[in-house]
Amino acid sequence: MQSFSDALRLAIGRAPKYPDAPLTPRRALAFVASLVLLEVGMDRLMAGRGAEFSLYGVNSLFAWLAVSLAVIALFSRHHENGADARRLVLLWFGATLLGYAGLAAAIGYESLSSSKTGMAAAFGLAVLAPIFGSRRIFTLAGSRWPTVKAVGFALSLAVAQLSLPHWPLFQGENFNRANANLWEATAAALRPKPSEAETAGQAKDRHDALQRISAIEAAQPWLLDGELENLRPRTPGKPNLFVVGVAGWSSQRVFLKETEASLDILRKRLGAEGRTVALVNNRATAMQHPIANLHNLTHVLRGVAAKMNLEEDVLLLTMTSHGSEEGFALRFGPLVERALAPEALREILDGVGIKNRIVIVSACHSGVFVPALSGPRTMVITAARSDRTSFGCADDRDWTAFGEAFFAHGLNETRNLAQAFDKAKARVAELETSLKIDASEPQISVGEELRRRFPALVGPAMEGANPTGKAKRACLPASLLDVCAPGAVAQRG
């Protein structure tokens, strides 16, 4: 407490009460810790509402401490007993405390905090206190020009601290980086201001963007209705395949191109002609296809389900985008920004009543969909394990690496999805080895009932127990969606 008392006495220009008290390491550490707490508290107070912690501010805090101590060492180096150093440290702490007290008072009164005069007065306390306090210190030390030296000390301390690229520990909702430090303020002042024409052009661009967003939103109902109305009615008497394609990420055309190309392959190779729907997040197709968001996906799947025989027909949902362990990324500027979680997709499919499901997800971490979607009548194929990334989504490509391996190569060699997956997985592994990148490890899960009912499409039924002891009949489907009778063994042709 003696040291704290002396710190405040020096800050108001009075002589210390205990001038010969030593500055022990313990006391020095206590002052530094107190200064850190002061800085943290004031940063949080000044940030106001919506404050968020900034790790970069920690660097700024310790740089401030180091520079201030360096100035103190410079002005006390000629005194061997260290008394000046101790007193200047006390003064530094007292001046900081006094300045922050004034600043807190200014912020506490709305009228004062909104006044530049009030804020300047608060900061002035932190500038004037070192002058009066250090003059007292240098006078006690017998300096020849204590006033000159005091002004030099205060200015050196101020210049050193102002020259730092200060950054606050907390940033509030009204944070403006131009006010963060001298360098940012200088850069903002020197930055050329936009001309009237540029300002008008920017305003027009914002207006046009809002108009486009409004037009896209207004177009969704009739785009959705158009996609569903264009679906060909199911062919009675046999299972039908319905396909929904989703391109989730708007800023890269590779996902749009992959969705369009994969739907074309599915129409030609698996007989889905006239029964495909596309949901696409891309500005180029915003008035041609519905955008991919949770509402539209649910609406489309419900509409497709209404045209299906839910017991006999099969839905194939293929999705391509970026991904994370939270799910599949849906993003289209300000219109859509969320992750489609595996559990949410499961709820949608359950809610619309679709039973025979094939879900193909080409995205990083897409393996998170396997445990949530797997079931007796579901096939899940993903481009990567849940804790791995996939690759090949550069915007100059027509396919992602897995999409190309599965659709463009696998399904062009076989119409069986399990076989196409095996070929794609081998191809992707070869690419990863040649590129020396971590293995993505594509995943597959095939429900046993779906495998038994549609062996030509998803793979033959697994060999299992035969409790009746009767011979099993062979099933050679005439088409991909022909159904094997119960008890039959599917054979690959």
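The structure presented is a predicted model; accordingly, all values stated were derived computationally and were not measured. (Residues numbered from 1 in each chain as written. Predicted model: local features only at pLDDT ≥ 70, side-chain atom pairs only at ≥ 80, totals over all residues. Heavy atoms only, no water.)

**Q** Looking at this structure, how should I read the side chain of Asp313?
**A** Here Asp313 lies in the loop between helix 11 (294-307) and strand 5 (314-320). What makes Asp313 buried here is its relative accessible area of 0%. A polar contact is formed between the side chain of Asp313 and the backbone nitrogen of Asn309, at a distance of 2.7 Å. If we ignore the near neighbours within four places in the chain, the residues touching Asp313 are Arg234, Lys238, Pro239, Asn240, Phe242, Met308 and Asn356. (Helix = DSSP H or I, 4+ residues; strand = E, 2+ residues; numbered from the N terminus. Buried < 20%, exposed > 50% of the residue type's maximum accessible area, 1.4 Å probe, protein only. Polar contact = N/O pair within 3.5 Å; in protein donor to acceptor, adjacent residues only side chain to side chain. Contact = heavy atoms within 4.5 Å.)

**Q** Any chance you could explain the nonpolar core here in plain terms?
**A** The nonpolar side chains of soluble globular proteins are, as a tendency, buried together. Among the nonpolar cores identified, the biggest contains 41 residues, and Leu316, Ile358, Met379, Phe406 and Leu417 are the most heavily contacted of them. When sequence neighbours within four positions are dropped, the list of residues in contact with Leu417 reads Leu270, Leu316, Ile358, Met379, Ile381, Phe406, Leu411 and Leu457. By size, the runner-up hydrophobic cluster in this structure holds 39 residues, among which are Leu231, Val246, Met308 and Val361. (Core = buried A, V, L, I, M, F, W, Y, C linked by side-chain atoms within 4.5 Å.)

**Q** Help me understand the sheet that holds strand 6 (residues 323-324), please; the structure alone is not making it clear to me.
**A** Across a sheet, paired strands are connected by hydrogen bonds in the backbone, their directions being either parallel or antiparallel. Across the sheet, three strands lie side by side as 6-7-8; this open sheet has antiparallel pairing. The open sheet has two edge strands with one neighbour each: strand 6 and strand 8 (336-340). The sheet contact formed by strand 7 (residues 327-332) and strand 8 spans five bridges and is antiparallel. Bridge pairing in strand 8 links Arg331 to Glu337. (Pairing = 2+ DSSP bridges.)

**Q** For this particular structure, what's the right way to read the packing of aromatic side chains?
**A** Given two aromatic rings, one states the distance between the centres and the angle between the planes to describe the pair. Overall, the coordinates contain five aromatic pairs when judged by the stated rule. Judged by centre distance (5.0 Å) and plane angle (90°), the ring pair of Phe406 and Phe407 falls under edge-to-face. Residue classification places Phe406 among the buried positions, given a relative accessible area of 0%. Residue classification places Phe407 among the buried positions, given a relative accessible area of 2%. Through a chain of ring-to-ring contacts, the aromatic side chains of Trp399, Phe402, Phe406, Phe407 and Phe421 assemble into a single cluster. Above the plane of the ring of Phe242 lies Arg275, whose end atom (NZ or CZ) is 5.9 Å from the centre. (Phe/Tyr/Trp six-rings, centres within 6.5 Å; stacked < 30°, edge-to-face > 60°. Lys NZ or Arg CZ within 6 Å of the ring centre and 35° of its normal.)

**Q** Explanation requested: the state of the cysteines in the structure shown.
**A** When the sulfur atoms of two cysteines share a covalent bond, that bond is a disulfide. Evaluated as defined, the whole model comprises zero disulfides. With no disulfide partner, Cys364 has as its closest neighbouring cysteine sulfur the one in Cys393, 6.1 Å distant. Take Cys364: its relative accessible area is 17%, and that puts it in the buried class. By relative accessible area, Cys393 is classed as partly exposed at 25%. (Disulfide = S-S within 2.5 Å.)

**Q** Just checking my understanding: could you explain the packing of helix 10 (residues 253-269) against helix 14 (residues 401-413) for this structure?
**A** It is the contact of helix 10 with helix 14, at a shortest axis distance of 11 Å, that shows an interaxial angle of 15°. Judged by the inter-axis angle, helix 10 sits roughly parallel to helix 14. Note that helix 10 runs across helix 14; the crossing there is left-handed. Across the interface between the two elements, Glu258, Ser262, Ile265, Leu266 and Arg269 of helix 10 pack against Gly403, Phe407, Ala408, Leu411, Asn412 and Glu413 of helix 14. Classifying every residue of the contact of helix 10 with helix 14 by side-chain character gives five nonpolar, three polar and three charged. (Axes fitted to C-alpha atoms, helices over the stretch in contact; angles between N-to-C directions. Parallel < 35°, antiparallel > 145°, perpendicular 65-115°, else oblique. Left-handed = near helix turned anticlockwise from the far one by under 90°. Nonpolar A, V, L, I, M, F, W, Y, C, P; charged D, E, K, R; others polar.)

**Q** I keep staring at the side chain of Asn293 and nothing clicks. Help me out?
**A** Following the sequence through the fold, Asn293 ends up in the loop between strand 4 (276-280) and helix 11. Polar contacts involving the side chain of Asn293 include one to the main-chain amide nitrogen of His295, which spans 3.3 Å. Setting aside chain neighbours within four positions, we find Asn293 in contact with Leu330 and Val336.

Worth remembering: the numbers are spatial, not functional.
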